[in-house]
Amino acid sequence: MSIVPADDDSPSTMPAGFINHLVEYGWARQAIFLDADLTLALAAECQGLNDQQLLRIAKTGRATKSDMHVSPQAKIQIQTKIEAQLRSDQISWLSAGQSPACDQYLLRMESLRQQLNRDLFLNLDDYESHFAFYAPGAFYAQHKDRFQDDDRRTISVVIYLNRDWQTEQGGALRLHLSDSESLDIAPEASSMILFLSATMLHEVLPATRDRLSLAGWFRRR
Ligand code: OGA
Ligand code: MN
């Protein structure tokens, strides 16, 4: 019996250049991360969730001040109003087994988690992810992904599901790399962006068409 060597060229292994870029700049992009068929299946699933009105208004995880002297109902109203000013996408959290496409995607992210732990000694424990649907005009104001009430998020991931995206259609992910430097990334189908959750300030600009994506976070315990 022969021992089969580990296949470093398997499609689920990210190239060294990608990992190095993440280390050096705090972000990295892969133009083609998911193959076309899987991207299409995930886009159809996200669109279907929207059509069936199964998406929910996203929350930011920013709690209203506990010292606010208002009724619980008023607190919820204020919270909802604050959140509407911060973001207006709609989401659906993924769970294992919900569809073959989602399982294939989650498997892919699991091998990426293992690679990041191997290459960067990151101790990432799990991955949480949701579909996100931005209707025309929807946005997500400047923010970081690590919120006060949850410091487990370590690496942020966004995978885009929009074929033939044109720059004029807006909808860029804007990374604020420093006070004076920003970078706009078009939400083009099959592409993936990774960045450090704790430090990267970013926002989603409004678009003139529907903008579909999968957002996710590798977390530590
Ligand atoms: C997020 C987010 C970016 C994008 O969901 O936290 O910043 O490009 N998404 O969709
Ligand atoms: Mn974000």
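Before reading on, note that the structure itself is shown above.
The structure reproduced in this document is the subject of the present report.

Scoring rules and cut-offs
Residues numbered from 1 in each chain as written. Chains lettered and ligands numbered in written order. Predicted model: local features only at pLDDT ≥ 70, side-chain atom pairs only at ≥ 80, totals over all residues. Heavy atoms only, no water. Core = buried A, V, L, I, M, F, W, Y, C linked by side-chain atoms within 4.5 Å. Buried < 20%, exposed > 50% of the residue type's maximum accessible area, 1.4 Å probe, protein only. Helix = DSSP H or I, 4+ residues; strand = E, 2+ residues; numbered from the N terminus. Contact = heavy atoms within 4.5 Å. Salt bridge = Lys/Arg side-chain N within 4 Å of Asp/Glu carboxyl O. Donors = N, O, S within 2.8 Å, 3.2 Å for Na, K, Ca; no water. Arc of directions from axis to C-beta. Pairing = 2+ DSSP bridges.

### Here's the deal with the nonpolar core
Counting residues in hydrophobic clusters, the biggest one holds 34 residues, and the most contacted among them are Leu-42 and Ile-159. Counting only elements with at least two residues in this core, the list comes to helix H1 (16-25), helix H2 (36-51), helix H4 (100-120), strand E4 (126-134), strand E6 (153-160), strand E9 (192-196) and strand E11 (211-219). Here this core gets six residues from one element, more than from any other, and that element is H4. Not counting residues up to four positions away in its chain, the partners in contact with Leu-42 are Leu-34, Ala-101, Cys-102, Tyr-105, Phe-131, Leu-161 and Leu-214. Residues Val-158, Tyr-160, Leu-175 and Ile-193 belong to the second largest nonpolar core, which totals nine residues.

### Side note on the pattern of salt bridges
Counted according to the given criterion, the structure contains seven salt bridges. The residue Asp-126 makes a salt bridge to Arg-219 at a minimum N-O spacing of 2.9 Å. Within this pair, whereas Asp-126 is found in strand E4, its partner Arg-219 is found in strand E11, the two being separated by 93 residues in sequence. On the basis of relative accessible area, Asp-126 is assigned to the partly exposed category, the value being 29%. What makes Arg-219 buried here is its relative accessible area of 12%. Close ionic contact of Glu-128 with Arg-153 constitutes a salt bridge, the shortest N to O distance being 2.9 Å. In this pair, Glu-128 sits in strand E4 while Arg-153 sits in strand E6, placing the two residues 25 residues apart along the sequence.

### A closer look at the coordination of the manganese ion (ligand 2)
Taken together, the protein ligands of the manganese ion (ligand 2) are His-143 (NE2), Asp-145 (OD) and His-202 (NE2), with distances of 2.1 Å. Summarised as a motif, the one-chain spacing of the donors to the manganese ion (ligand 2) is H-x1-D-x56-H. Residue His-143 is located in strand E5 (residues 140-143), and its partner His-202 is located in strand E10 (residues 201-204); the two are separated by 59 residues in the primary sequence. The class of His-143 is buried, set by a relative accessible area of 4%.

### A few points about H1
Among the residues making up H1, those that are buried are Phe-18, Ile-19 and Leu-22. Projected down its long axis, H1 carries its buried residues within an arc of 100°, all on one side. Set apart from the buried face of H1 by more than 90 degrees, the exposed residues are Ala-16, Gly-17, Val-23 and Glu-24. Packing partners of the buried residues in H1 comprise strand E1 (27-30), H4, E6 and E9. Following H1 by one or two positions, Gly-26 adopts a phi angle in the positive range, close to 85°.

### A closer look at the pairing of E10
The two faces of the sheet receive side chains in turn, since in a regular strand these alternate between them. Relative to E10, E5 is paired through two bridges, and the arrangement is antiparallel. Across the sheet, the residue bridging to His-143 is His-202, located in E10. Alignment of strand E7 (residues 173-176) against E10, held across four bridges, turns out to be antiparallel. The residue bridging Leu-175 from the neighbouring strand is His-202, located in E10.

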